[in-house]
Amino acid sequence: MAFLLGELSWSLIWSLAVAFLLLACLWLNIPGFLVRYYRTCKALRHMPGWPTHWLWGNLHQVKADEATLLKLLNWVRENNIRVWKFWVGHFMLTVSINHCEPVRKILKEPKMDLTYKLLVPWLGDGLLISEGEKWHRNRRLLTPAFHFEILKSYMSVYNSCLKVLFDKWSSSVSQNEPVKVFDTISLLSLDIVLQCAFSCESDCQHTRTKHPYIKAIYDLDELLADRFLGHPIFQIDWIYALTRNGRKMKRVCKIAHEHSEKIIGERKKVLGLDKSDEG
């Protein structure tokens, strides 16, 4: 009798285990994922790319640093590569395009993918990340704001911001110091956007990382690069949220959002005062 009960209990355990695996497969749509994975690999088997590891893909070949970027750019230039693939583990594929024609087609119909989803906690579901009808609607609403005649009115802002940039470069050259073009151009762009869109004079080109918002942006850049090039399991949001970088990401996003909301709120108050004065 005990033997029969033991057999029944093991049969029940195995039945429950099989049922659980079947439910998990259906919930995660594993068969569909495997079919898409096979079709993707077959379609891109002749596309240029670095040799892949069976588990890590191309992650073991790169680091989030300048040396890796230069190595990649030299490889693309020396081999005259226009399109190439990069595997993050063996479940996330990135295709990079270095030619204008395919880029133009993609920009007309942007698609959400895992790479853009990493930006959602920071940028939200805005023009950069949204797709379909929402993207087309927002694009139509914003296009008139960038008409040439409207942009001409901001020429004085462009010139004043550029003067700050040129003064910084001149100072560095006179002292025989290297010029970090990417950093200075990024700060120039931010300065122009803040002044033109929100009439906010942040002096970010001088304060750089001393300003909490600028530091938050730099931290977000580093965190996103580390997550994208890190362990594939960090692509899962709830697992990443439990890590040290995930908790830091949440804190830094809060700083960036609070500063943005503060600037927008101040601008709304100014516009409200202007409207009441006109009335």
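Residues numbered from 1 in each chain as written. Predicted model: local features only at pLDDT ≥ 70, side-chain atom pairs only at ≥ 80, totals over all residues. Heavy atoms only, no water.

Draft legend 1. Quick look at the overall build of the chain. Secondary structure summary: the chain contains 14 helices and two strands in total. Counting over 279 residues, the chain shows a buried share of 26%. For the chain, the proportion of contacts with a sequence separation of at least 24, taken over those separated by at least 6, is 54%. Of the roughly 20200 Å² of accessible surface on the chain, 65% is carried by carbon and sulfur atoms. (Helix = DSSP H or I, 4+ residues; strand = E, 2+ residues; numbered from the N terminus. Buried < 20%, exposed > 50% of the residue type's maximum accessible area, 1.4 Å probe, protein only. Contact = heavy atoms within 4.5 Å. Areas by Shrake-Rupley, 256 points an atom, 1.4 Å probe, with all protein chains shown as cover.)

Draft legend 2. The pattern of salt bridges, seen in detail. Counted by the stated rule, this structure contains four salt bridges. The salt bridge partner of Lys163 is Asp167, with a shortest N-O separation of 3.1 Å. On the criterion of helical spacing, the pair formed by Lys163 and Asp167 is a turn pair, its members being four residues apart in helix 9 (residues 155–174). The class of Lys163 is exposed, set by a relative accessible area of 52%. Linking Arg227 and Asp237 is a salt bridge whose minimum nitrogen-to-oxygen distance equals 2.8 Å. In this pair, Arg227 is assigned in helix 12 (residues 212–229) and Asp237 in helix 13 (residues 237–241), connecting sequence segments 10 residues apart. In this structure Asp237 comes out as exposed when scored by relative accessible area, which is 52%. (Salt bridge = Lys/Arg side-chain N within 4 Å of Asp/Glu carboxyl O.)

Draft legend 3. Local environment of the confidence of the model for the chain. Of all residues in the chain, 81% have pLDDT values of 70 or greater, and the mean over the chain is 77. By mean pLDDT, helix 1 (residues 2–28) is the weakest element of the chain at 56, and helix 9 is the strongest at 88. Of the regions scoring below 50 in pLDDT, residues 1–8 engages in zero contacts with residues more than four places distant in sequence or in other chains. Taken together, the stretch residues 275–279 has pLDDT below 50 and engages in zero contacts with residues farther than four places along the chain or on a different chain. (pLDDT = per-residue confidence, 0-100.)

Draft legend 4. Layout of the nonpolar core. Judged by nonpolar contacts, the single largest core of 30 residues is most densely connected at Trp75, Trp84, Trp122, Leu220 and Met249. Residue assignment for this core shows that the elements contributing at least two residues are helix 3 (66–78), strand 1 (83–88), helix 12 and helix 14 (244–278). It is helix 12 that provides the largest number of residues to this core, a total of eight residues. Once residues within four sequence positions are removed from consideration, Trp122 is found in contact with Ile217, Leu220, Asp221, Leu224, Cys253, Ala256 and His257. Membership of the second largest hydrophobic core comes to seven residues, among which are Val157, Tyr158, Leu188 and Ile192. (Core = buried A, V, L, I, M, F, W, Y, C linked by side-chain atoms within 4.5 Å.)

Draft legend 5. Fine view of the packing of helix 9 against helix 10 (residues 181–198). Where helix 9 contacts helix 10, the axes come no closer than 10 Å and their chain directions differ by 155°. Considered as vectors, helix 9 and helix 10 are oriented roughly antiparallel to each other. When the axes of helix 9 and helix 10 are compared, the crossing they make is right-handed. Of the residues in helix 10, those in contact with Val157, Tyr158, Cys161, Leu162, Leu165, Lys168 and Trp169 of helix 9 are Thr184, Ile185, Leu187, Leu188, Asp191, Ile192, Gln195 and Cys196. (Axes fitted to C-alpha atoms, helices over the stretch in contact; angles between N-to-C directions. Parallel < 35°, antiparallel > 145°, perpendicular 65-115°, else oblique. Left-handed = near helix turned anticlockwise from the far one by under 90°.)

Draft legend 6. Structural view of a nonpolar patch on the surface. Taken together, the side chains of Val173, Val179, Val181 and Ile185 present a nonpolar region at the surface, about 300 Å² in accessible area. On the secondary structure map, Val181 appears in helix 10. (Patch = residues over 30% accessible without salt bridge, like charges linked within 9 Å, V, L, I, M, F, W, Y side chains within 5 Å.)

Draft legend 7. Here's a closer look at the layout of surface pockets. There is about 1100 Å³ of room inside the second largest pocket. Lining the second largest pocket we find 32 residues, and of these Leu142, Phe146, Val193, Ala197 and Phe198 sit closest to its centre. Classifying every residue of the lining of the second largest pocket by side-chain character gives 24 nonpolar, six polar and two charged. (1 Å grid on protein atoms, 1.4 Å probe; cavity = no way out; pocket = protein on both sides within 12 Å on 5 of 7 lines; lining within 4 Å. Points joined across faces, edges and corners; volume = space filled by probe spheres on them. Nonpolar A, V, L, I, M, F, W, Y, C, P; charged D, E, K, R; others polar.)

Draft legend 8. Layout of the packing of helix 10 against helix 12. Following both chains from N to C, one finds helix 10 and helix 12 inclined at 125°, their axes separated by 13 Å at the closest point. For the element pair helix 10 / helix 12, the angle class is oblique. Taken as a pair, helix 10 and helix 12 cross one another with a handedness that is right-handed. Here Asp183, Leu187 and Leu190 of helix 10 come into contact with helix 12, specifically with Tyr213, Ile214 and Tyr218. A class-by-class count of the residues in the contact of helix 10 with helix 12 yields five nonpolar, no polar and one charged.

Draft legend 9. Local environment of the state of the cysteines. For the coordinates displayed, the defined rule picks out zero disulfides. No disulfide involves Cys204; its nearest neighbouring cysteine sulfur is the one of Cys161, lying 7.8 Å away. (Disulfide = S-S within 2.5 Å.)

Draft legend 10. Quick look at the pairing of strand 1. Within strand 1, five of the six residues are buried, which leaves the element mostly enclosed by the surrounding structure. In this sheet, strand 2 (residues 92–97) lies alongside strand 1 in antiparallel orientation, the contact comprising six bridges. Note on strand 2: the bridge partner recorded for Trp84 is Ser96. (Pairing = 2+ DSSP bridges.)

Draft legend 11. Geometry of the side chain of Thr184. Considering the arrangement of structural elements, one finds Thr184 in helix 10. A polar contact is formed between the side chain of Thr184 and the side chain of Trp169, at a distance of 3.2 Å. Other than its neighbours up to four places away in sequence, Thr184 contacts Leu165, Lys168 and Trp169. (Polar contact = N/O pair within 3.5 Å; in protein donor to acceptor, adjacent residues only side chain to side chain.)

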